[in-house]
Amino acid sequence: DVKVTQSSRYLVKRTGEKVFLECVQDMDHENMFWYRQDPGLGLRLIYFSYDVKMKEKGDIPEGYSVSREKKERFSLILESASTNQTSMYLCASRTRTSANNEQFFGPGTRLTVL
Amino acid sequence: LAKTTQPISMDSYEGQEVNITCSHNNIATNDYITWYQQFPSQGPRFIIQGYKTKVTNEVASLFIPADRKSSTLSLPRVSLSDTAVYYCLVGVILSGSARQLTFGSGTQLTVLP
């Protein structure tokens, strides 16, 4: 089974702090994604990486950056956390050779910015 | 971007068939339609995907009319464990492309005994 793990289930940070959210997948997938999920808004794509060192902005990249130095790891960085970045963050991965759009999601990190 | 619209919530009883419809009026030619299921405190899980007509797997069916401006997820004989949020996703993943993946806001399905 594909396993996508995220470094923390719950995280509390203060406004202005630099925050790192880590995601690791163990199936050698080329594509990795970061979403945030908010009530009534569903999942919104922040960044997408189609391979190592490659990245694409999603729908809402403002205030975020990403790093993909190794194939299995995709990091989301909040350079200066703000209260409006309080949210559930979900990481996903997918193999490039997949016949469909199936993404495998991690359990999520619930981030609270005070 | 292909915006999607789903009902916010639906109730059903055990053993009934449930149909959840998603509208995606400006779907692009290359876009696929994918449905995910999400339980509380978990990430979404892939259910089914289609491009046109009907697709069926062991858990659901997906009906897509010829104009592809909507799709219907059909869950046969639901049980209490099918209580979850169901998301419709329209888009396609292309390496090096900015083609976006648009999730709907989800439909909370509650199955009652």
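In the block above lies the structure referred to throughout.
Counting starts from 1 at the beginning of each chain's written sequence and moves along it residue by residue. Each chain is given a letter, starting from A, and each ligand a number, starting from 1, according to the order in which they appear as written. In view of the model being predicted, local features appear only for residues whose pLDDT reaches at least 70, and side-chain atom pairs are presented and counted only at 80 or more, with totals across whole chains, interfaces and linings using the full set of residues. In computing side-chain values, all of the structure's heavy atoms are included and hydrogens and water are not.

(A) Highlighting the overall build of chain A. Helix numbering and strand numbering both begin at the N terminus, where a helix is a DSSP run of H or I of at least 4 residues and a strand a DSSP run of E of at least 2. Within chain A one finds 0 helices and 11 strands. What you see in chain A, going N to C, is helices and strands ordered as β-β-β-β-β-β-β-β-β-β-β. Against the globule reference of 13 Å for 114 residues, chain A gives a C-alpha radius of gyration of 13 Å, in line with a compact fold. Seen through its principal axes, chain A has C-alpha atoms that stretch 40 × 30 × 25 Å. We compute the radius of gyration from the C-alpha atoms alone; for a globule the expected value is 2.2 Å times N to the 0.38, where N is the number of residues.

(B) Representation of the state of the cysteines within the structure. Disulfides are defined in this document as cysteine sulfur pairs within 2.5 Å. Counting across every chain of the model gives 2 disulfides over all chains. Cys23(A) shares a disulfide with Cys91(A); S-S distance 1.9 Å. Since a negative S-S torsion denotes a left-handed disulfide, the Cys23(A)-Cys91(A) link at about -75° is left-handed. Taken together, the residues span a long stretch of sequence, with Cys23(A) in strand β3 (residues 19-25) and Cys91(A) in strand β9 (residues 87-94) at a distance of 68 residues. In this model Cys22(B) forms its disulfide with Cys88(B); the gap between the sulfur atoms is 2.2 Å. When the S-S torsion is -80°, as for the bridge of Cys22(B) with Cys88(B), the disulfide is left-handed. Taken together, the residues Cys22(B) in strand β2 (residues 18-23) and Cys88(B) in strand β8 (residues 84-91) connect sequence positions 66 residues apart. Each residue gets one of three labels from its accessible area relative to the maximum for its type: buried under 20%, exposed over 50%, partly exposed in between, using a 1.4 Å probe on protein chains only. Cys22(B) gets classed as buried once you look at its relative accessible area, which sits at 0%.

(C) Structural view of the interface of chain A and chain B. Two residues qualify as a contact provided that any one of their heavy atoms is within 4.5 Å of a heavy atom in the partner residue. Across the contact, 27 residues belong to chain A and 26 residues belong to chain B. Accessible-area loss on putting two parts together, using a 1.4 Å probe and summing over both, is the definition of buried area adopted here. When chain A packs against chain B, the two sides together hide about 2000 Å² of surface, and 52% of this comes from carbon and sulfur. Every case where a carboxyl oxygen of Asp or Glu lies within 4 Å of a side-chain nitrogen of Lys or Arg is listed as a salt bridge. Linking chain A to chain B there are 0 salt bridges. Mapped by element, the contributors of at least two residues to the side of chain A that touches chain B are β4 (31-38), β5 (42-49), β6 (56-57) and β9 of chain A.

(D) Quick look at the sheet that holds strand β5 (residues 53-56) of chain B. Residues and elements named next belong to chain B. Pairing between strands is defined by DSSP: at least two bridges between them are needed. Ordered by their spatial adjacency, 4 strands build an open sheet running β2-β7-β6-β5, and the pairing between neighbours is antiparallel. At either end of the open sheet lies a strand with only one pairing partner, and these are β2 and β5. When strand polarity is set aside, the average angle formed by the axes of neighbouring strands in this sheet is 15°. Relative to strand β6 (residues 61-64), β5 is paired through 4 bridges, and the arrangement is antiparallel. Bridging across to β6, Val55 finds its partner in Leu62. Working convention: axes come from line fits to C-alpha atoms, limited for helices to the stretch in contact. Angles between N-to-C directions cover 0 to 180 degrees.

(E) Representation of the sheet that holds strand β8 (residues 73-78) of chain A within the structure. Residues and elements named next belong to chain A. What the 4 strands build is an open sheet, ordered β1-β3-β8-β7; its pairing is antiparallel. In this open sheet, the two edge strands, each paired with only one partner strand, are β1 (4-6) and β7 (65-70). Here the strands of the sheet are splayed against their neighbours by 20° on average, with no regard to which way each runs. Pairing of β7 with β8, which is carried by 4 bridges, proceeds in the antiparallel orientation. The residue bridging Ser65 from the neighbouring strand is Ile77, located in β8.

(F) Local environment of the pattern of salt bridges. All names here are of chain A. All told, the structure shown has 7 salt bridges over all chains when counted by the stated rule. The closest approach of N and O atoms between Lys71 and Asp28, which form a salt bridge, is 3.2 Å. With Lys71 in the loop between β7 and β8 and Asp28 in the loop between β3 and β4, this residue pair connects regions lying 43 residues apart in the sequence. Residue Asp28 is classed as exposed on the basis of its relative accessible area, which comes to 51%. Of the charged contacts, one joins Arg36 and Asp38 as a salt bridge, the two residues approaching to 2.9 Å between their closest N and O atoms.

(G) View of the packing of aromatic side chains. Two aromatic rings from Phe, Tyr or Trp, using only the six-membered ring of Trp, form a pair when their centres are within 6.5 Å; if the ring planes differ by under 30 degrees the pair is stacked, by over 60 it is edge-to-face, and anything between is tilted. Per the counting criterion, the structure on display carries 8 aromatic pairs over all chains. Ring geometry for Tyr36(B) against Phe46(B): centres 6.0 Å apart, planes inclined by 85°, an arrangement best described as edge-to-face. Residue Tyr36(B) is found in strand β3 (residues 32-38), and its partner Phe46(B) is found in strand β4 (residues 45-50); the two are separated by 10 residues along the sequence. Given the relative accessible area of 0%, Tyr36(B) is considered buried. Taking the relative accessible area as the measure of exposure, Phe46(B) reaches 18% and is therefore buried. Three or more aromatic residues joined by ring pairs make a cluster, and in this case those are Phe33(A), Tyr35(A), Phe48(A), Tyr50(A), Phe105(A), Tyr36(B) and Phe46(B).

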